[in-house]
Amino acid sequence: MEPIQILVVDDDKEIAELVEIHLVGDGYQVSKAYDAKEALDILHREDIKLVILDIMMPGIDGLNLCKKIRETSTIPIIMLSAKSSDLDKIIGLSTGADDYVVKPFNPLELTARVKSQLRRYTKFNPNSYEEKVDKEIQIRNLIINKENHKVISYDKEVKLTPIEFDILYLLANNAGRVFSTDEIFERVWNEKMYEANNTVMVHIRRLREKIEMDSRDAQIIKTVWGVGYKIEK
């Protein structure tokens, strides 16, 4: 089996090389880019399965590059940034990133997050070796097919990232049940939430923008104030 190829985009060559060393040590193949143009060229010609993306770069920054990638691809994107405030994380995740890691980072934590994102991506890749589950959920104007990762909302197919799909499937597969943000995080990201953050809120907002007729008047994903989120049966 060909090694999984990861693209590291960072104008700081020392950081890019540090990340490469740890990823190669875990058996991944790594391509490096030091600006957005070079990154897009690599994405166009190589079979990249995940992108690790620095936010602060000259020219086209990481936020705009993330938006550009999301126009054509749902591969996992992990953002790296020295900015650590909740607002910075919200902005980063709102552009389409699946995860956000603050610099300075522990390389072992970063590689663990890479593995987590790739497990989720591989699960929905049609070429995956994993056993497929032929299961379709239909709730009012929503159809979710777990086998092919296809979602139809109001008779229109919508493209979701693996994280967005996992959240939607969790809520739809447990229709009527309310999930707290902590529980959604722990079930979808498969790790404990140790401090309050807005990660789940941002992904719910992005989901609503994609599947609701009017994201300001959500009819599919309901907010239960002070408790969490649910999808009605």
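Residues numbered from 1 in each chain as written. Predicted model: local features only at pLDDT ≥ 70, side-chain atom pairs only at ≥ 80, totals over all residues. Heavy atoms only, no water.

**Focus on the sheet that holds strand 3 (residues 50-54)**
Pairing between the strands of a sheet comes from backbone hydrogen bonds, and it takes one of two forms, parallel or antiparallel. Pairing within the open sheet is parallel, and its 5 strands lie in the order 2-1-3-4-5. The open sheet is flanked by strand 2 (29-33) and strand 5 (99-102), the only strands paired with a single partner. Sheet twist, expressed as the mean angle between neighbouring strand axes with direction ignored, is 20 degrees. Bridging between strand 1 (residues 5-9) and strand 2 involves 5 bridges; their strand directions are parallel. Paired with Ile 6 across the bridge in strand 2 is Val 30. Against the sheet, helix 2 (residues 36-45) touches strand 1, strand 2 and strand 3, its axis set at about 145 degrees to strand 2. Against the sheet, helix 4 (residues 86-94) makes contact with strand 4 (77-81) and strand 5, and its axis sits at roughly 140 degrees relative to strand 5, the strand it touches most. (Pairing = 2+ DSSP bridges. Helix = DSSP H or I, 4+ residues; strand = E, 2+ residues; numbered from the N terminus. Axes fitted to C-alpha atoms, helices over the stretch in contact; angles between N-to-C directions. Contact = heavy atoms within 4.5 Å.)

**Remarks on the UniProt feature "domain: Response regulatory" (unreviewed entry) in the chain**
The UniProt entry lists residues 5-118 under the feature "domain: Response regulatory" (unreviewed entry), expressed in the numbering used here. Measuring from the first to the last C-alpha atom of residues 5-118 gives 11 Å, for a span that is 46% helix and 21% strand. (UniProt positions renumbered as here; feature names shortened; annotations may be inferred.)

**Considering the packing of helix 4 against helix 8 (residues 199-211)**
Interaxial distance between helix 4 and helix 8 falls to 9 Å at its minimum, and their mutual angle equals 35 degrees. Relative to helix 8, the crossing made by helix 4 is right-handed. Taking contact as the criterion, the partners of Ile 90, Leu 93 and Ser 94 in helix 4 are, on helix 8, Thr 199, Met 201, Val 202, His 203, Arg 205 and Arg 206. The residue makeup of the contact of helix 4 with helix 8, split by class, is 4 nonpolar, 3 polar and 2 charged. (Left-handed = near helix turned anticlockwise from the far one by under 90°. Nonpolar A, V, L, I, M, F, W, Y, C, P; charged D, E, K, R; others polar.)

**So, the packing of aromatic side chains**
Using the criterion set out here, one finds 2 aromatic pairs in the structure. Taken together, a centroid distance of 6.1 Å and an interplanar angle of 15 degrees make the contact between Phe 165 and Tyr 169 stacked. Of the two residues, Phe 165 and Tyr 169 are both situated in helix 6 (residues 162-173); the distance of 4 residues between them amounts to about one turn of the helix. The class of Tyr 169 is buried, set by a relative accessible area of 10%. In this structure, Lys 13 packs its charged tip against the face of Tyr 34, placed 5.0 Å from the ring centre. (Phe/Tyr/Trp six-rings, centres within 6.5 Å; stacked < 30°, edge-to-face > 60°. Buried < 20%, exposed > 50% of the residue type's maximum accessible area, 1.4 Å probe, protein only. Lys NZ or Arg CZ within 6 Å of the ring centre and 35° of its normal.)

**As for the pattern of salt bridges**
According to the stated counting rule, one finds 17 salt bridges in the structure shown. Of the charged contacts, one joins Lys 49 and Asp 47 as a salt bridge, the two residues approaching to 2.6 Å between their closest N and O atoms. Its relative accessible area of 17% is what places Lys 49 among the buried residues. With a closest N to O distance of 3.7 Å, Glu 183 and Arg 187 form a salt bridge. Linking Glu 183 with Arg 187, this pair stays in helix 7 (residues 181-188), spanning 4 residues, or about one helical turn. On the basis of relative accessible area, Glu 183 is assigned to the partly exposed category, the value being 24%. A relative accessible area of 41% means that Arg 187 is categorised as partly exposed. (Salt bridge = Lys/Arg side-chain N within 4 Å of Asp/Glu carboxyl O.)

**Quick word on the pairing of strand 1**
Consecutive residues of a regular strand have side chains that alternate between opposite faces of the sheet. In terms of burial, strand 1 is largely enclosed, as 5 of its 5 residues are buried. Taking every second residue as pointing to the same face, both faces of strand 1 are buried, with Gln 5, Leu 7 and Val 9 on one and Ile 6 and Val 8 on the other. Crossover connection from strand 1 via helix 1 (residues 13-25) to parallel strand 2: handedness right-handed. Pairing of strand 1 with strand 3 involves 4 bridges; the strand directions are parallel. Counterpart to Ile 6 in the pairing with strand 3 is Leu 50. (Right-handed = clockwise from strand over helix to strand, strands pointing away.)

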